2 protein chains.
Amino acid sequence: MKPTILQPAEIEKRSFAIITEELGNRTFPDGVAEVVKRVIHTTADFDYADNLAFSPDAVERGKQALRQGATVVTDTNMALAGVSKTTLAKFGGKAVCFMADPDVAREAKERGVTRAAVSMERAAALEGPVLFAIGNAPTALIRLHELIEAGQVQPALVIGAPVGFVNVVESKELFIGSDTPHIVACGRKGGSNVAAAIVNALLYQLYTREGFES
Amino acid sequence: MKPTILQPAEIEKRSFAIITEELGNRTFPDGVAEVVKRVIHTTADFDYADNLAFSPDAVERGKQALRQGATVVTDTNMALAGVSKTTLAKFGGKAVCFMADPDVAREAKERGVTRAAVSMERAAALEGPVLFAIGNAPTALIRLHELIEAGQVQPALVIGAPVGFVNVVESKELFIGSDTPHIVACGRKGGSNVAAAIVNALLYQLYTREGFES
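Residues numbered from 1 in each chain as written. Chains lettered and ligands numbered in written order. Predicted model: local features only at pLDDT ≥ 70, side-chain atom pairs only at ≥ 80, totals over all residues. Heavy atoms only, no water.

1. Thoughts on the sheet that holds strand β4 (residues 130–134) of chain A
Residue and element names in this part refer to chain A.
- In spatial order, the strands read β1-β6-β5-β4-β2-β3; together these 6 strands make up an open sheet with mixed pairing. The open sheet is flanked by β1 (52–54) and β3 (94–97), the only strands paired with a single partner. For this sheet the average axis-to-axis angle between neighbouring strands, irrespective of direction, equals 15°. (Pairing = 2+ DSSP bridges. Helix = DSSP H or I, 4+ residues; strand = E, 2+ residues; numbered from the N terminus. Axes fitted to C-alpha atoms, helices over the stretch in contact; angles between N-to-C directions.)

Here it is in structure tokens:
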């Protein structure tokens with residue numbers, strides 16, 4: 001049987017209804033539910049109903065920063081591509097990724113550190129509220145944690161969602177339970193798509209896209 | 001305890017060793033193993049050990065097309081960002097995504113179809129071998145299937161990895177068992193990251209990156 005052609009907004013609406021139904025009697029606080037469901041929508045992986053950790057007020061702090069025109073810093077061009085820049089721009093915000101800058105590559109090589117670590121240093125020098133969306137590099141989270149400890153940056157929110165098998169869990173544990181506002185994908189799972197989905201879940205709570213109801 | 005800082009190539013090597021170990025006595029044909037492991041590396045989701053479907057010779061056909069300088073067509077800018085363009089370029093290949101073209105948006109609106117469907121029509125007109133890497137839109141796969149049936153395009157390989165809950169499974173089933181060379185993420189799971197990882201898994205079998213052993 002041929003699938004019926006539906007417009008993306010209609011597909012998204014039906015998808016969220018299915019996700020809500022399959023979550024059954026699981027309940028989440030307002031704001032948190034939207035994040036959990038959007039990550040499941042992005043991955044079709046219900047493990048995220050259990051493995052996202054939110055610091056108190058993380059969602060509200062993230063939304064407040066975005067409303068004030070925050071800069072979203074990603075650690076991959078893939079996450080950068082996934083963040084809704086048009087929605088960000090409604091609030092005067094923008095998204096940046098320093099990973100592909102030749103300067104960053106050169107400095108990383110000279111110092112024997114990762115490009116991700118140097119990218120975090122670049123981001124720490126930005127003005128205005130900054131929301132970090134890390135979906136790939138544990139070294140980004142580790143360096144970011146050092147910069148916070150040294151008082152060199154005070155993120156509005158850290159989305160910690162590197163994926164993988166080496167140093168990933170440890171890098172996330174630096175944030176869980178810390179005073180830095182955070183949303184962390186615990187365990188091995190995560191990814192650039194997850195990091196971008198969390199940013200978008202916050203943005204779409206502030207701004208309803210044309211043709212989309214949530 | 002502070003995680004030790006490792007370079008990305010070293011992290012990747014250790015990660016693949018862990019994945020291989022945890023796959024235990026599961027075996028895959030040469031070429032297929034590299035794809036399965038890279039998708040698990042990208043998602044930390046071992047479900048992909050079971051849900052990737054390969055048509056006969058899919059890996060060889062994909063590699064052959066890439067070696068000939070194929071164009072990789074994606075259905076999101078996120079997948080486009082994830083594909084290793086520098087590796088593609090070693091063989092004279094490139095990656096393209098038509099989703100954000102104003103022309104595509106205009107035509108889709110006029111005809112009441114999705115941008116993804118129009119994007120596939122644009123791609124069908126490309127010269128040379130084309131490898132489709134679809135990680136988001138079921139309508140891309142559905143329209144692509146129609147174009148193939150109508151003899152308007154003969155893909156070198158279709159990577160079918162839309163993620164989600166509506167029309168997704170059905171869109172993938174159009175390809176499973178078909179004569180079109182395909183690698184499909186069966187079921188609901190997939191994503192732009194998965195589609196890009198499959199392309200890269202083929203590319204890295206052809207070209208070893210500096211500092212990387214696989």
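2. Thoughts on the interface of chain A and chain B
- Chain A puts 43 residues into the contact, and the matching count from chain B is 43 residues.
- Summing the contributions of chain A and of chain B, the shared interface buries around 3400 Å²; its carbon and sulfur component is 68%.
- Linking chain A with chain B are 3 salt bridges.
- A salt bridge links B:R188 to A:E22; the shortest N-O distance between them is 2.6 Å.
- If you look at where chain A meets chain B, you find 3 residue pairs in polar contact (both at pLDDT 80 or more).
- Residue assignment for the side of chain A that touches chain B shows that the elements contributing at least two residues are α1 (8–22), α2 (32–43), α5 (77–82), α9 (138–149), α10 (168–173) and α11 (192–206) of chain A.
- Looking at which element gives the most residues to the side of chain A that touches chain B, the answer is α1(A), with 7 residues. (Contact = heavy atoms within 4.5 Å. Buried area = accessible area lost by both parts, 1.4 Å probe. Salt bridge = Lys/Arg side-chain N within 4 Å of Asp/Glu carboxyl O. Polar contact = N/O pair within 3.5 Å; in protein donor to acceptor, adjacent residues only side chain to side chain.)

3. Remarks on the sheet that holds strand β4 (residues 130–134) of chain B
All names here are of chain B.
- Within the open sheet, the 6 strands sit side by side as β1-β6-β5-β4-β2-β3. Their pairing is mixed. In the strand order of this sheet, the two ends are held by β1 (52–54) and β3 (94–97), each with one partner. When the angles between neighbouring strand axes are averaged without regard to direction, this sheet yields 15°.
- Pairing between strand β2 (residues 71–74) and β4: 4 bridges, direction parallel. Paired with V72 across the bridge in β4 is L131.
- Strand contacts of helix α8 (residues 115–124): β2 and β4, with the helix running at about 165° to β4, the strand carrying the most contacts.

4. A closer look at the environment of B:T42
- Its place among the elements puts B:T42 in helix α2 (residues 32–43).
- Owing to a relative accessible area of 19%, B:T42 belongs among the buried residues under this scheme.
- Sequence separation between B:T42 and B:V194 is 152 residues; the distance between their C-alpha atoms is 7.0 Å.
- For B:T42, the residues in contact, after removing those within four places along its chain, are A:V163, A:G190, B:N193 and B:A197. (Buried < 20%, exposed > 50% of the residue type's maximum accessible area, 1.4 Å probe, protein only.)

5. Here's the deal with the side chain of B:T114
- Relative to the helices and strands, B:T114 is located in the loop between α7 (102–111) and α8.
- Not counting residues within four places of it along the chain, the set of residues in contact with B:T114 comprises A:L6, A:Q7, A:P8, B:A108 and B:T139.

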